[in-house]
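Here is how the chains run, residue by residue.
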Amino acid sequence: MSNSIDVNAPTLSRYVMSQTHDTDLVILLNALATSFKLITSAVNRAGIAKLYGLAGEVNSTGDDQKKLDVMSNDMMINALIHSGVCSVLVSEENEEPIFVPAEYAGKFCVAFDPLDGSSNIDCNVSVGTIFSVYEKSPGSKGTVEDLLRSGAHCVCAGYCAYSSAVELVFTFRGGSIEGFCLDPTIGEFIHTRLNMKFPEDGGKKIYSCNEGNYNYWDKPIQDAVQAFKSSEKPYSARYVGSMVADIHRTLLYGGIYIYPADNKNTQGKLRCLYEGIPMAMIIEQAGGIASTGLFNGKVGRVLELTPDNIHCKCPIIMGGPRDIQVVYDAYKAAGVDVPEL
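Residues numbered from 1 in each chain as written. Predicted model: local features only at pLDDT ≥ 70, side-chain atom pairs only at ≥ 80, totals over all residues. Heavy atoms only, no water.

## Focus on the pattern of salt bridges
Oppositely charged side chains can pair when the atoms bearing their charge come close. Considering all chains together, one arrives at ten salt bridges under this definition. Between Asp-22 and Lys-107 there is a salt bridge; the shortest N-O distance is 3.0 Å. With Asp-22 in the loop between α1 (12-20) and α2 (23-44) and Lys-107 in strand β5 (residues 105-116), the pair connects residues that are 85 residues apart, well separated along the chain. Note that Glu-211 and Lys-229 form a salt bridge whose closest N and O atoms lie 3.2 Å from each other. Taken together, the residues span a long stretch of sequence, with Glu-211 in the loop between β11 (206-208) and α4 (219-230) and Lys-229 in helix α4 at a distance of 18 residues. (Salt bridge = Lys/Arg side-chain N within 4 Å of Asp/Glu carboxyl O. Helix = DSSP H or I, 4+ residues; strand = E, 2+ residues; numbered from the N terminus.)

Next comes the structure, spelled out in structure tokens:
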């Protein structure tokens, strides 16, 4: 028999069951995986099916909705509602939370950005989905408050990248980071990256940020970016503008991803509940650091933030100790207290 055929495929369901023995969690991850497969099909057929362009609406945070935004959102909502294990859903595309009908309700609350980076979709650049999962508090029937908790309460977080391959990367609270690649021949996510780790030496010298915002940043961030550019061996600049693509590269190759608060967006630009917290959980559990930079008067961890509403925003600086230390040194030089690394 050909060696190219795996007769014992390590699937997503098998992994989740072996690690958790929680059938509800297996059902939830399967529902998410189904929505990712549907989104993959839509993204791959976007040109042929005329799915490029705007849908004529704006989402919860004022961004113009693309046709694929709306379709991806519907795919995820339908899959999660009918999974029978969710009670509350929060999507970037919906201003209000979605409460699952009682006959379908379960113990999980899920927040998600169904198509992150969709402003890039019309020019065929990588996009992705980001999600975080919480359990209902004891005695709760499923309310927004079950989601408005810090990252310490997040039980599962992950993202799916749609590109030359479709990769699902996720983690359970306190666990390792695991990667699964969609095998289109069998329609299953297969375990391909085991115990993913941020490069110990910091990896490649790459900085990733939107330098178009340079004039709005505080001086320590400006100084840190200048330090990256003017070091003995200058860092390379890589910025896709799709958070999933930029974080996936940072996790695999190393470097630093910077999207700080600034004079234009004093609370930051990225959404805390379904962008900041899940990505911070992945980066930290892979051995990296997920900092807020200077935010609300101090430099802290993204995972320590408690969202005050479902679409609140936060700043994000993510990378390894080597590069985060450059940012912290710039803050320290400005008289700001920073955590020890």
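## Notes on the sheet that holds strand β9 (residues 177-183)
Here eight strands make up an open sheet; going across it, the order is β4-β3-β5-β6-β7-β8-β9-β10 and the pairing mixed. Each edge of the open sheet carries a strand with a single partner, namely β4 (98-99) and β10 (188-196). The strands touched by α1 within the sheet are β8 (166-172), β9 and β10, with β8 carrying the most contacts at an inclination of about 5 degrees. Sheet strands in contact with helix α3 (residues 67-81) are β3 (86-91), β4, β5 and β6 (127-135), and its direction is about 165 degrees off that of β5. (Pairing = 2+ DSSP bridges. Contact = heavy atoms within 4.5 Å. Axes fitted to C-alpha atoms, helices over the stretch in contact; angles between N-to-C directions.)

## Some words on the side chain of Ser-83
By the secondary structure assignment, Ser-83 is in the loop between α3 and β3. When its relative accessible area of 15% is taken as the criterion, Ser-83 is described as buried. Polar side-chain contacts of Ser-83 include one of 2.7 Å to the backbone oxygen of Leu-80. Non-local contacts of Ser-83, meaning those with residues more than four positions away in its chain, are made with Ile-27 and Ala-31. (Buried < 20%, exposed > 50% of the residue type's maximum accessible area, 1.4 Å probe, protein only. Polar contact = N/O pair within 3.5 Å; in protein donor to acceptor, adjacent residues only side chain to side chain.)

## Quick notes on the environment of Asn-30
For Asn-30, the location among the structural elements is in helix α2. Distance in space between the C-alpha atoms of Asn-30 and Glu-188 is 9.9 Å, their sequence separation being 158 residues.

## With respect to the sheet that holds strand β15 (residues 289-295)
Strands sit in the order β12-β11-β13-β18-β15-β16 across an open sheet of six strands; the sheet is mixed. At either end of the open sheet lies a strand with only one pairing partner, and these are β12 (236-237) and β16 (298-301). As paired strands, strand β13 (residues 256-259) and strand β18 (residues 316-319) are joined by four bridges and run antiparallel to one another. Bridge assignment links Tyr-259 to a residue of β18, and that residue is Ile-316. Running at roughly 150 degrees to β13, helix α5 (residues 243-253) makes contact with β11, β13 and β18 of the sheet. Where helix α6 (residues 272-285) meets the sheet, its contacts fall on β15, β16 and β18, and the angle it forms with β18 comes to roughly 20 degrees.

## Details of the packing of α1 against α2
Where α1 contacts α2, the axes come no closer than 9 Å and their chain directions differ by 155 degrees. Between α1 and α2, the angle is such that the two are roughly antiparallel. In this structure, α1 crosses over α2, and the sense of that crossing is right-handed. Counting all contacts with α1, which are made through Leu-12, Ser-13, Val-16, Met-17 and Thr-20, the residues of α2 involved are Thr-23, Leu-25, Val-26, Leu-29, Asn-30 and Ala-33. (Parallel < 35°, antiparallel > 145°, perpendicular 65-115°, else oblique. Left-handed = near helix turned anticlockwise from the far one by under 90°.)

## Things to note about the environment of Val-326
Tracing the sequence through the fold places Val-326 in helix α7 (residues 321-333). Residue Val-326 is classed as partly exposed on the basis of its relative accessible area, which comes to 24%. For the pair Val-326 and Ile-221, spaced 105 residues apart in the sequence, the C-alpha separation amounts to 9.6 Å. Not counting residues within four places of it along the chain, the set of residues in contact with Val-326 comprises Ala-224, Ala-227 and Phe-228.

## Looking at the pairing of β8
Of all seven residues in β8, seven are buried; the element is thus mostly enclosed. What you see with β8 is no split at all: Val-166, Leu-168, Phe-170 and Phe-172 on one side and Glu-167, Val-169 and Thr-171 on the other are buried throughout. Pairing analysis gives seven bridges linking strand β7 (residues 156-162) to β8, with the strands arranged antiparallel. When the bridges of β8 are listed, Cys-156 appears paired with Phe-172. Here β7 folds back onto β8 in antiparallel fashion, the turn holding three residues. In this structure, the hairpin formed by β8 and β9 is closed by a connection of four residues, where Gly-174 is found at a positive phi of approximately 80 degrees.

## Things to note about α5
Across the eleven residues of α5, nine count as buried, placing the element largely inside the fold. Within the span of α5, buried status applies to Met-243, Val-244, Ala-245, Asp-246, Ile-247, His-248, Arg-249, Thr-250 and Leu-251.

## Structural notes on unusual backbone geometry
For His-21, which is not glycine, the phi dihedral falls at a positive 55 degrees. Here His-21 shows up in the loop between α1 and α2. Positive phi is not limited to glycine here, since Asn-124 has a value of about 65 degrees. As for its position among the elements, Asn-124 is in the loop between β5 and β6.

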